Amino acid sequence: MMNLKLSNRPLTLLLSVCLAAGLAAGCSGEDKAKQGKTAAAPMTFVFGDTTFNPENEEPNVNPHFKYAGWAAMRYGVGETLFRYSNKMEIEPWLATSYELIDPLTWKLTLREGITFSNDRPMTGAAVKACLEHLVKVHDRAQGDLMIDSISAEGQTVTIKTKRPNPTLLNYLSDPYGIIFDMEAGITDDGIVVGTGPYKVTKLVSGETIELVRNEKYWNGTPGFDQVKVLTISDGDTLTMALQSGEIDGAYGMPYASYPIFQKGGYTFTSTPTSRTFFAHMNFKSPIVQDPAVRKAIAMGVDKERFVRDLLNGNGYVAKGAFPSTFAFGGDSVKAKPYNPDLARATLDAAGWVDSDGDGIRDKNGQPLRIRWLTYPSRQEQPLLAESAQANL
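Residues numbered from 1 in each chain as written. Predicted model: local features only at pLDDT ≥ 70, side-chain atom pairs only at ≥ 80, totals over all residues. Heavy atoms only, no water.

1. Here we look at the overall build of the chain
Our working definition: Only runs of H or I of at least four residues qualify as helices and only runs of E of at least two qualify as strands under DSSP, and these elements are numbered from the N terminus. Burial classes: relative accessible area under 20% of the type maximum marks a residue as buried, over 50% as exposed, and values in between as partly exposed (1.4 Å probe, protein chains only). When checking whether two residues touch, look at their non-hydrogen atoms; a contact exists if any pair is within 4.5 Å. In this description, accessible areas are obtained by the Shrake-Rupley approach with a 1.4 Å probe, and a residue is regarded as covered only by the protein chains that are shown.
Across its full length, the chain carries 11 helices and 18 strands. Here the chain holds 392 residues, and the buried ones make up 46% of them. A sequence separation of at least 24 residues applies to 60% of the contacts in the chain between residues at least 6 apart. For the chain, the accessible area works out to roughly 19600 Å², and carbon and sulfur atoms hold 52% of it.

2. Some thoughts on the nonpolar core
Heads up, the rule is: By nonpolar core is meant a set of buried Ala, Val, Leu, Ile, Met, Phe, Trp, Tyr and Cys residues that side-chain atoms within 4.5 Å join together.
Y75 and L81 are the most contacted members of the largest nonpolar core, which has 50 residues in total. Of the residues forming this core, the biggest block, 6 residues, is contributed by helix α3 (residues 124–137). Leave out the neighbours within four places in its chain, and Y75 touches F47, D49, F52, V61, Y198, I209, L211 and V229. Within the second largest apolar cluster, 18 residues are counted, among which are A241, I247, M253 and F306.

3. A look at the sheet that holds strand β12 (residues 226–231)
To keep things clear, this is the line we draw: By this definition, two strands are paired if DSSP reports at least two bridges between them. An axis is simply a line fitted to the C-alpha atoms; with a helix, the fit covers only the stretch in contact. Between two such axes, the angle follows the N-to-C directions and lies from 0 to 180 degrees.
Spatially, β10-β11-β12-β3-β13 is the arrangement adopted by the 5 strands of the open sheet, whose pairing is mixed. Each edge of the open sheet is held by one strand with a lone partner, namely β10 (198–204) and β13 (249–251). Taken over all neighbouring pairs, the strand axes of this sheet differ in orientation by 20° on average, direction set aside. With 5 bridges joining them, strand β11 (residues 208–213) and β12 adopt antiparallel strand pairing. Along β12, the bridge assignment pairs T208 with L230.

4. Remarks on the pairing of strand β6 (residues 95–102)
With 6 bridges connecting them, β6 and strand β7 (residues 105–110) associate as antiparallel partners. What sits directly across from L100, in β7, is W106.

5. Here's the deal with helix α6 (residues 235–244)
Structurally, the α-helix is built with 3.6 residues per turn, so residues lying three or four positions apart point the same way. Cut-off, in case you're wondering: Within this analysis, the arc is defined by the directions that extend from the helix axis to the C-beta atoms. Pairs of N or O atoms are called polar contacts if they sit within 3.5 Å, as long as, within protein, a hydrogen donor faces a hydrogen acceptor (for residues adjacent in sequence, only side-chain-to-side-chain pairs).
Of all the positions in α6, only G235, L238, T239, A241 and L242 are classed as buried. End-on, the buried residues of α6 take up no more than an arc of 160°, which puts them together on one face. In this structure, α6 carries D236, M240 and S244 as exposed residues pointing more than 90 degrees from its buried face. One side-chain oxygen of the residue at the start of α6 lies 3.2 Å from the amide nitrogen of D236, identifying that residue as D234. A positive backbone phi angle near 90° is found at G245, which sits one or two residues after α6.

6. Section: a nonpolar patch on the surface
Under the convention used in this document: Patch members must show over 30% relative accessible area and no salt bridge, and they are joined within 9 Å when carrying like charges or within 5 Å when they are nonpolar side chains of Val, Leu, Ile, Met, Phe, Trp or Tyr. Only one rule defines a salt bridge in this text: a Lys or Arg side-chain nitrogen within 4 Å of an Asp or Glu carboxyl oxygen.
A cluster of nonpolar side chains, contributed by Y84, M88 and I90, occupies part of the molecular surface with about 250 Å² of accessible area. In this structure, M88 sits in the loop between β4 (82–84) and β5 (90–92). With relative accessibility at 43%, the residue M88 sits in the partly exposed group.

7. Here we look at the pattern of salt bridges
Tallied over the full model, the rule gives 15 salt bridges. Residue D119 pairs with K216 through a salt bridge whose shortest N-O separation is 3.4 Å. Here the residue D119 occupies a position in the loop between β7 and α3, and K216 occupies one in the loop between β11 and β12, the gap between them amounting to 97 residues. Given a relative accessible area of 48%, K216 falls into the partly exposed group. A salt bridge links D181 to R120, with the shortest nitrogen-to-oxygen separation between them at 2.3 Å. With D181 in the loop between α5 (168–172) and β10 and R120 in the loop between β7 and α3, this residue pair connects regions lying 61 residues apart in the sequence. One continuous salt-bridge network, built from bridges that share partners, spans D49, E58 and R74.

8. Here's the deal with helix α10 (residues 340–349)
For α10, the complete set of buried residues consists of A343, T346 and L347. Take α10 and look down its axis: the buried residues cluster within an arc of 95°, on one side only. Facing away from the buried side of α10 by over 90 degrees, the exposed positions are D341 and A349. In the core, the buried residues of α10 are packed alongside α8 (291–300). In the segment just after α10, G351 is the residue with positive phi, at about 90°.

9. So, the sheet that holds strand β9 (residues 156–161)
With antiparallel pairing, the 4 strands of this open sheet are ordered in space as β6-β7-β9-β8. Of all the strands in the sheet, just β6 and β8 (147–153) have a single pairing partner and so form its edges. When the angles between neighbouring strand axes are averaged without regard to direction, this sheet yields 20°. Pairing of β8 with β9 involves 6 bridges; the strand directions are antiparallel.

10. Quick look at the confidence of the model for the chain
What counts is decided by this rule: Here pLDDT means the predictor's own confidence in every residue, given as a number from 0 to 100.
Averaged over every residue, the pLDDT of the chain is 87; residues scoring 70 or more account for 85%. A low-confidence stretch, residues 1–37 stays under pLDDT 50, and its non-local contacts, those more than four residues away or across chains, total 123 contacts.

Quick look at the structure:
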């Protein structure tokens, strides 16, 4: 199976030197026209994002809908009880501690003094209501958390699982576990009231989201008065928007555009993660059911060249399911190295040959054609498809 491991990241900001200077001067980095405003003008951060759209299952900021929790966390709307540190270790966030009473019972202690952005206190009862709604409507969370019952008293929440679940805190750190005020509800636009540094004032799915500072935020003063997110799914358009100053930061910038900004004083924030560009094999396909075809695809795609040339070196070829930088990563499952000669020989031996001289291999009258479905909001996915097509 083709498996490309890239250093994509949960949040990527490209912050310009001009923006940093603007912050020091107390003015907005949105565009140069705003620099003439008074110091009292609101400081606005404009952010371009390729993934905030229904096609990417992030149509809004309701964490209980598919993968929209990622948008809620990315834009500072909400927070989880626990979170992953930069070393991929679990640490408290809205909770302060936990106690494993027995293999099925977890007692969580919540942080004191936290309110939702509507000033309602975050109590154990509020957390209980949020988690109960989550496992009722979110299939993935239901299977991950395996919650049997939840009880609350003051600032403590006790969770009983259906069977021992040693990874419960890991799953509570998933963005679907963002705690928000169920009493305030979920609007028709998919807006929720969380505990984060920003609160939503406007949301148009697939187009924009506007946020303002949460003045009651518990963990320091948020850096901007306002944040405006623009959905820009086309990588070239996103690049031009950052170049022109229309936006101050970007998530999902195509790697092909990196050289433009590496020369212009921009800051890149990145870290190796388990984010992977890969191909799923459809085993319902009679062609893919043939192991020789799968082996030939794995050996016939030049993964080194894809990373080196098409991604400008921003990533690395996977050797296994996880990057070697993870404590549990490594080379336990070896990916097939690029070997087009062996790929050809494998197909020959399996009877996939060009019997009619049209340049396409066939077997028993069936041409060896592969249909590859991809999507553009991850800018490199179409490049991967095109590169694989050229190799094969």
